[in-house]
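Next come the chains, spelled out residue by residue.
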Amino acid sequence: MDHLDNLRVFVAVAEGGSLAEAARRREISAPAATRALAALEKRLGAALVVRTTRSLRLTEVGEQFLADTRQVLASLDAAEAAVTGLGARPQGQLAVTAPELFGQRHIAPLLFEFLDRHPEVNARVFFSNRVVHLIDEGFDVALRIATLPDSGLTAVPVGRMRVVRVASPAYLAQRGEPQTPADLAGHQGVGFAIEGQGRIGWGLGDAERPEQERLVVNSNVTKVAAAVAGLGITRALAYQVTDEVRDGCLQIVLATHEPPPVPVHLVYPGGRLAAAKVRHFVQFAAERLRALPLLKGGV
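Everything in this summary refers to the structure shown in the same document. Just so you know, the residues in each chain are numbered from 1, in the order the chain's sequence is written. The predicted nature of this model means local features are confined to residues of pLDDT at least 70 and side-chain atom pairs, given and counted, to a pLDDT of 80 or more, with totals for whole chains, interfaces and linings taken over all residues. Side-chain figures throughout are based on the complete set of non-hydrogen atoms in the structure, without hydrogens or water.

### Topic: the nonpolar core
Line of reasoning, step 1. Core analysis: the largest hydrophobic core is formed by 36 residues, its most contacted members being Phe102 and Met161.
Line of reasoning, step 2. Here a strand is any run of E in DSSP of at least two residues, a helix any run of H or I of at least four, and the numbering for each starts at the N terminus. If you list the elements that add at least two residues to this core, you get strand S3 (92–98), helix H5 (100–117), strand S4 (121–127), strand S5 (141–145), strand S6 (154–161), strand S13 (262–268) and helix H10 (276–290).
Line of reasoning, step 3. The definition of a nonpolar core used throughout is a set of buried Ala, Val, Leu, Ile, Met, Phe, Trp, Tyr and Cys residues joined through side-chain atoms within 4.5 Å. Under the scheme applied here, a residue whose accessible area is under 20% of the maximum for its type counts as buried, over 50% as exposed, and between as partly exposed, the area being computed with a 1.4 Å probe on protein chains only. Among the nonpolar cores identified, the runner-up in size contains 20 residues, and Leu7, Val9, Leu56 and Phe65 belong to it.

Shown next, in the form of structure tokens:
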């Protein structure tokens, strides 16, 4: 039993009038209550109670120590209650990161709604195609579209994302539509590179790629625009081309040869001890994201 527990036993002794009653109140055995009081008196080097065969009363030192102890414990209980209250209510700054285009299209709108629901929360967002290190860079939550490595982060699955290859109808009318991955060797491509990670592959064998990447960009918006402009076939995550496919500006090719869908997670440090703002946002965002057809294997 630690010093704080011993103090609480002492107060229970004073208020209950006996060691047996103190033990009942603290839900411990009578011998444990006796040891706690003895340990406290030994630590202080002073007798706090006078025991007789029929009664127990506080010494003069015990009376003064009781008043001081009650004040200390009350302050501690108030501090704990305040922290518990803060931990249960979303408040403070929430820092969120996500891939650039997905963040703009899908994270930002639900974050706006979350902030409207929780006026004591403010937010900082950073949408980038590079992998942001949450702890080193001071972020609370990240959306990851990738197979996750082992880490100390808590990962909440929200769906899966198709990896597609698309080209404009005009380009396909001119160059023909590939029927197998090997047919890509006769086509032009639009490549993509992420700062600090190099060029992103096509997810196929070495020979199963466009003969020439006429353009390599580091912006998904530019990559998609280049494909719409007819510069060639490009590889994209489904969310990057949803509007263009729907509007007929781009056409999916090699649909029967797609790689496995990519898992999508919300990740955050801290697990169950994470701040309320983080836990509430992750729960809210996960529910919204799981409802997206895009994260159920659609485009």
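### Section: unusual backbone geometry
Line of reasoning, step 1. Of note in the backbone geometry, Glu27 takes a positive phi value of approximately 60° without being a glycine.
Line of reasoning, step 2. The topology assignment puts Glu27 in the loop between helix H2 (19–26) and helix H3 (30–44).
Line of reasoning, step 3. Backbone geometry at Leu254 places phi at a positive 55°, although glycine is not the residue there.
Line of reasoning, step 4. Residue class for Leu254 comes out buried when judged on its relative accessible area of 5%.

### Brief notes about the packing of H5 against H10
Line of reasoning, step 1. Between the N-to-C directions of two axes lies an angle of 0 to 180 degrees, each axis being a line fitted to C-alpha atoms and, for a helix, fitted only over the stretch in contact. With their axes 10 Å apart at the nearest point, H5 and H10 run at an angle of 125° to one another. Between H5 and H10, the crossing angle belongs to the class labelled oblique. Along this stretch, H5 crosses H10, giving a crossing that reads as right-handed. In this structure, H5 contributes Phe102, Ile107, Leu110, Leu111, Glu113, Phe114 and Arg117 to the contact, and H10 contributes Lys277, His280, Phe281, Phe284, Ala285, Arg288 and Leu289.
Line of reasoning, step 2. Three residue categories are used. Nonpolar comprises Ala, Val, Leu, Ile, Met, Phe, Trp, Tyr, Cys and Pro, charged comprises Asp, Glu, Lys and Arg, and polar comprises the others, including Gly. Within the contact of H5 with H10, the residues separate by chemical class into 9 nonpolar, 1 polar and 4 charged. Throughout this description, any angle smaller than 35 degrees is read as roughly parallel, any larger than 145 degrees as roughly antiparallel, any in the 65 to 115 degree range as roughly perpendicular, and the remainder as oblique. For any pair of crossing helices, the crossing counts as left-handed if the nearer helix is rotated counterclockwise from the farther one by less than a right angle, and right-handed if it is rotated clockwise. The contact definition used throughout considers only heavy atoms, calling two residues in contact when any of these lie within 4.5 Å.

That is the geometry; function is a separate question.
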